[in-house]
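Spelled out from the first residue to the last, the chains are:
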Amino acid sequence: MRKLQHHIVFFAGLLFMGSCSLEKRTVISNPPRQKPFVYDTKIIVNGDISKDERIRLTDELEKYWDDSIRVKKVSQLGIRYVIKNPAAYDSSNLERSFDYMNEYLNSQGFYYAKFNPQISTDYVKNQERKRIALSIELGKNIKFDSIGYELKDSNLQALTIRERNKSLIQYGDPYTKGAISDELDRLVSIYRQNGYYQFTREHIFAHVDTLDRSLFDLTLDPVKLVELIILANNNRQKNTSWPVSMERREPVDSNVLIPFKIGTQFYYPETRLADLPDSLPSAGNWLETKRPHAVMRYKKGLFVEQPLLEHTYLQHGELFNEKTYFKTLNGLAKLGAWQSADAKIFQRGKDTLDIHYFLIPATKQSFSIDLEGSRNTTDIGAGNLWGLSTNLSYLNRNVWKRSVQAVTAFRTGVELNILNSQSGPLVQTFHISLGHTYSFPRLILPFKKWKPLQNADDRRTLLNLTGSFVNRRDFYLLRSLVSSWGYEWKKNNITWLFKPINVELYTIERFFKLDSLLLTNPFLQTSFNEGRVFGQTLTVFKSFPSPRNPNKSHFIRFGLEESGGLFSIFNANPSQIYRFVKTEAEYRQTIKYDKQSIAFRTFAGVGYNYGSDPLIGNTLPFFKQFFGGGPNSMRAWRLRQIGLGSSVQSDTISKTTYRDRFGDMQLEMNFEYRFRLTSIGGFKIESALFTDIGNIWSVKNIPGDPDARFSLKRLGRDLAIAMGAGLRFDFTYFLIRLDGAYKVKDPARPFNNGWINTFALTEKRQNGQTIENFGLQLGIGLPF
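Residues numbered from 1 in each chain as written. Predicted model: local features only at pLDDT ≥ 70, side-chain atom pairs only at ≥ 80, totals over all residues. Heavy atoms only, no water.

Undergrad: Would you take a moment to explain the overall build of the protein chain for this structure?
TA: For the protein chain, the helix and strand inventory stands at 12 helices and 32 strands. Across the protein chain, the fraction of contacts at a sequence separation of at least 24, relative to all contacts at a separation of at least 6, is 65%. Surface accessibility of the protein chain: about 41,500 Å² in total, with carbon and sulfur atoms responsible for 56%. (Helix = DSSP H or I, 4+ residues; strand = E, 2+ residues; numbered from the N terminus. Contact = heavy atoms within 4.5 Å. Areas by Shrake-Rupley, 256 points an atom, 1.4 Å probe, with all protein chains shown as cover.)

Below, the structure written as structure tokens:
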């Protein structure tokens, strides 16, 4: 209890110090004597632009202050900031900042920006502090007018017109130099994907017409000429649009306009790190394996050519395609048998390219061993257990010389009753498992070719077999055998994992203590049923940046699993086969700023048991059910100690301090504001403020406990809410996280509709037990 109070005081102290004004927490180190210096800068952007665009421009413009103007604040543990060695203020440096900012705004299409600085002075402790508030009136943004293409070659012109609808600049779009650069890169990419191997960026340019045609009117009257200049300037500010033409420079080399075809492709799978790729093609003493228009050159015979040919997407006689060329290089590098892949292209004849691939083998075999520790509080056992486990894995990256990867994993562990010797023997749980997985670098299908997957990337076939044994002393013996056959591939930046065969066999031998526990704890009644899973799974996920904001990233995942459905076609009356459908979806978003970020996650999952076998119950098997709490979920609750719904039946029946809870449905949302505190040596110390909202439910009626079932009418009452703060120690290769959270709203709380009434670290429930309202979680890595 005293430790818990110390944790609360610690996190409350962090929040209190963070609430103090920034000025009170800012210290000036070694300021210039009797000279003014810049203490604070602020940029205010005004113009007819969106809120997101205003934020983006403001953040970018902050980078263009002159070094003597920019305020360099160093954070110290997030408590105070230090401005070290500020330079003396010089107004000429301020003007230079305006020039830098104006150049940047020109690149973004703002050619008529006006800068209005407001400079104030504060005198503090013999210091003359300058505050600069810079208001920038953007004016009108230049727009693209007509967009033309003059390639001076019929084939290039035809390719350009064919892809014109994909142009990155359109009539009326804001003018930016970046957009023009991206459009030029797009055109070059189109040509190089259609055989024009020698065509590069230097052979094309953009002609932007910024002149007013009225200035070309001949006049000898100087007054009339001045009037034309003034009129032209006014017209430019009223009608700010410029026509652009993409044009080709006349090449020095005639090969620029020749489309090249693929000739012979050579593979060097035993390339050494010290070898020079330019000299290998002409070296002698090669052993060769020849296929039509493909040659593998080697000396030791460590590899066969099949996986190399299967992951080569360039075909003999086709036009050179730069996109397919890089796809081939990436595919060869990801096979696993090689640590890197490179290539050289040699021109043969007038229009033929021979490609030589140089692959450096990775270490064929490797071993790894990990030691893990954990703490578990549970009904099943002595109560407070300390766990130790060892993971030993063996990896072979080139089985049968075909770049097939094989992983053998052995895991063993124990849970020890160290703190309470009166509750039972030292060893409470013993666990051992052995698994083996093959990863084939191709799709092994019952039919030869499936067109939708012919152009897919990272194609793999996965075969897995895992057996495990768990002995929880005086409670149960659990034996399991899990096997699956699946396919993994990537297409259009979407990763698919489909397991058409997924078999999971479980047997449970119950002991007397478990039977006694099941009589008093309804949440465990369906958690120890013996059954089998015969089904299939599908998982789809995609990670991508926001097209309008590169600092915003998205992650989407969807999963679907079924058991017993297809099996019932062959056996109309299966015994002890789980028959269920389970689906879940997850979305994550992260927005990164300078030394801070905002992260959001939402998750929804539901499963339904449509079987009628009384021996295995009417819920999902416990190893497929949802649960909340712990370091990565509802962090104010311990692992598996939240739910179901607003049910309090466990509190009124069970006298134990912890109840494992599983549900067939889960909803959860998480929000985090992450920020840097300081850096010490080689690692960073960061913090976060977060909130967790969610719960788990049953989808079917539980006799005598209607509050455990999901209902839209009761959703507001059933949702749990936690708020907290955390510390993160980032060692680059791994991150240690300490999060503290408070139960703002607990559905099991019998008063005030679950909301906290007064701040209290603990409270008593109907059965007299004391419930902690504050949870402290230790985790590895970010929660999401």
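On we go from here.
Undergrad: Can you walk me through the pattern of salt bridges in this structure?
TA: Oppositely charged side chains are able to pair whenever their charged atoms sit close together. Considering all chains together, one arrives at 43 salt bridges under this definition. Aspartate 66 is the salt-bridge partner of arginine 96, the closest N and O atoms lying 3.0 Å from each other. Placement of the pair is arginine 96 in helix α3 (residues 91-107) and aspartate 66 in the loop between α2 (51-61) and β3 (73-76), with a sequence separation of 30 residues. Taking the relative accessible area as the measure of exposure, arginine 96 reaches 34% and is therefore partly exposed. On the basis of relative accessibility, which here comes to 9%, the residue aspartate 66 falls in the buried class. For arginine 348, the salt bridge identified is with aspartate 354, shortest N-O distance 2.6 Å. Several salt bridges share partner residues, and in doing so they unite Arg635, Glu672, Arg674, Asp692, Arg728, Arg737 and Asp739 into one network. (Salt bridge = Lys/Arg side-chain N within 4 Å of Asp/Glu carboxyl O. Buried < 20%, exposed > 50% of the residue type's maximum accessible area, 1.4 Å probe, protein only.)

Undergrad: How do you make sense of the sheet that holds strand β12 (residues 294-298) when you look at a structure like this?
TA: For sheets, the rule is that strands pair by backbone hydrogen bonds, running either parallel or antiparallel. Ordered by their spatial adjacency, 5 strands build an open sheet running β11-β12-β10-β14-β13, and the pairing between neighbours is mixed. The sheet terminates laterally at β11 (287-291) and β13 (338-348), the two strands that pair on one side only. Within this sheet the neighbouring strands show an average axis-to-axis angle of 20°, counted without direction. Taken together, the 3 bridges between strand β10 (residues 261-268) and β12 define a ladder with parallel strand orientation. Bridged to tyrosine 267 within β12 is methionine 296. (Pairing = 2+ DSSP bridges. Axes fitted to C-alpha atoms, helices over the stretch in contact; angles between N-to-C directions.)

Undergrad: Just to check I follow, could you spell out the side chain of asparagine 464 for this structure?
TA: Structurally, the position occupied by asparagine 464 is in strand β19 (residues 457-472). At a separation of 2.8 Å, a polar atom in the side chain of asparagine 464 contacts the side chain of threonine 437. When sequence neighbours within four positions are dropped, the list of residues in contact with asparagine 464 reads His436, Thr437, Val482, Ser483 and Ser484. (Polar contact = N/O pair within 3.5 Å; in protein donor to acceptor, adjacent residues only side chain to side chain.)

Undergrad: Help me out: how do you make sense of the side chain of threonine 289 in this one?
TA: On the secondary structure map, threonine 289 appears in strand β11. Under the relative-accessibility criterion, threonine 289 is labelled buried at 18%. One polar contact links threonine 289 to tyrosine 298, side chain to side chain, over a distance of 3.4 Å. Sequence-distant contacts of threonine 289, that is, excluding residues within four places in its chain, are made with Ala294, Val295, Met296, Tyr298 and Glu305.

Undergrad: Would you mind going over the packing of helix α4 (residues 154-162) against helix α5 (residues 177-192) with me for this structure?
TA: When two helices pack together, their arrangement is captured by the angle between the axes and the distance separating the axes. The geometry of α4 relative to α5 is characterised by a closest axis approach of 10 Å and an angle of 120° between their N-to-C directions. Two packed elements cross with a definite hand, and for α4 against α5 that hand is right-handed. Taken together, the residues of α5 that come into contact with α4 (itself represented by Leu156, Leu159 and Thr160) are Leu187, Ile190 and Tyr191. Each residue belonging to the contact of α4 with α5 can be placed in one class, and the counts come to 5 nonpolar, 1 polar and no charged. (Left-handed = near helix turned anticlockwise from the far one by under 90°. Nonpolar A, V, L, I, M, F, W, Y, C, P; charged D, E, K, R; others polar.)

Undergrad: Please clarify how the sheet that holds strand β6 (residues 127-137) should be interpreted in this entry.
TA: Spatial strand order, β2-β6-β5: 3 strands in an open sheet with mixed pairing. What marks the edges here is a single partner per strand, and that holds for β2 (37-46) and β5 (114-124). With strand direction ignored, the average angle separating the axes of adjacent strands in the sheet is 15°. The pairing of β2 with β6 spans 9 bridges and is parallel. Each residue of the ladder has a partner; that of isoleucine 44, found in β6, is serine 135. Along the sheet face, α2 touches β2 and β6 and points at about 150° away from the line of β2. Packing of α3 onto the sheet brings it into contact with β2, β5 and β6, and relative to β5 it is tilted by some 145°.

Undergrad: For this particular structure, what's the right way to read the environment of aspartate 458?
TA: Mapped onto the secondary structure, aspartate 458 falls in strand β19. Along the primary structure aspartate 458 and histidine 311 are separated by 147 residues, whereas in three dimensions their C-alpha atoms are 9.0 Å apart. Among residues more than four places away in sequence, those in contact with aspartate 458 are Lys334, Glu488, Trp489 and Lys490. A polar atom in the side chain of aspartate 458 sits 3.4 Å from the side chain of lysine 334.

Undergrad: How should I be thinking about the packing of α2 against α3 in this particular structure?
TA: Packing of α2 against α3 leaves a shortest axis separation of 11 Å and a crossing angle of 140°. With respect to α3, the element α2 is oriented oblique. For the pair α2 and α3, the sense of crossing is right-handed. Note on element contacts: α3 touches α2 through Met101, Tyr104 and Leu105, opposite Arg56, Leu57, Glu60 and Leu61. Considering only residue class, the contact of α2 with α3 consists of 5 nonpolar, no polar and 2 charged. (Parallel < 35°, antiparallel > 145°, perpendicular 65-115°, else oblique.)

Undergrad: Whenever I open this one, the environment of aspartate 153 confuses me. Can you help?
TA: Here aspartate 153 lies in the loop between β7 (143-150) and α4. The exposure class of aspartate 153 is buried, given its relative accessible area of 18%. In sequence terms aspartate 153 and leucine 257 are 104 residues apart; their C-alpha atoms lie 8.1 Å from each other. Every residue in contact with aspartate 153, bar those within four places of it in the chain, is listed here: Tyr196, Arg248 and Leu257.

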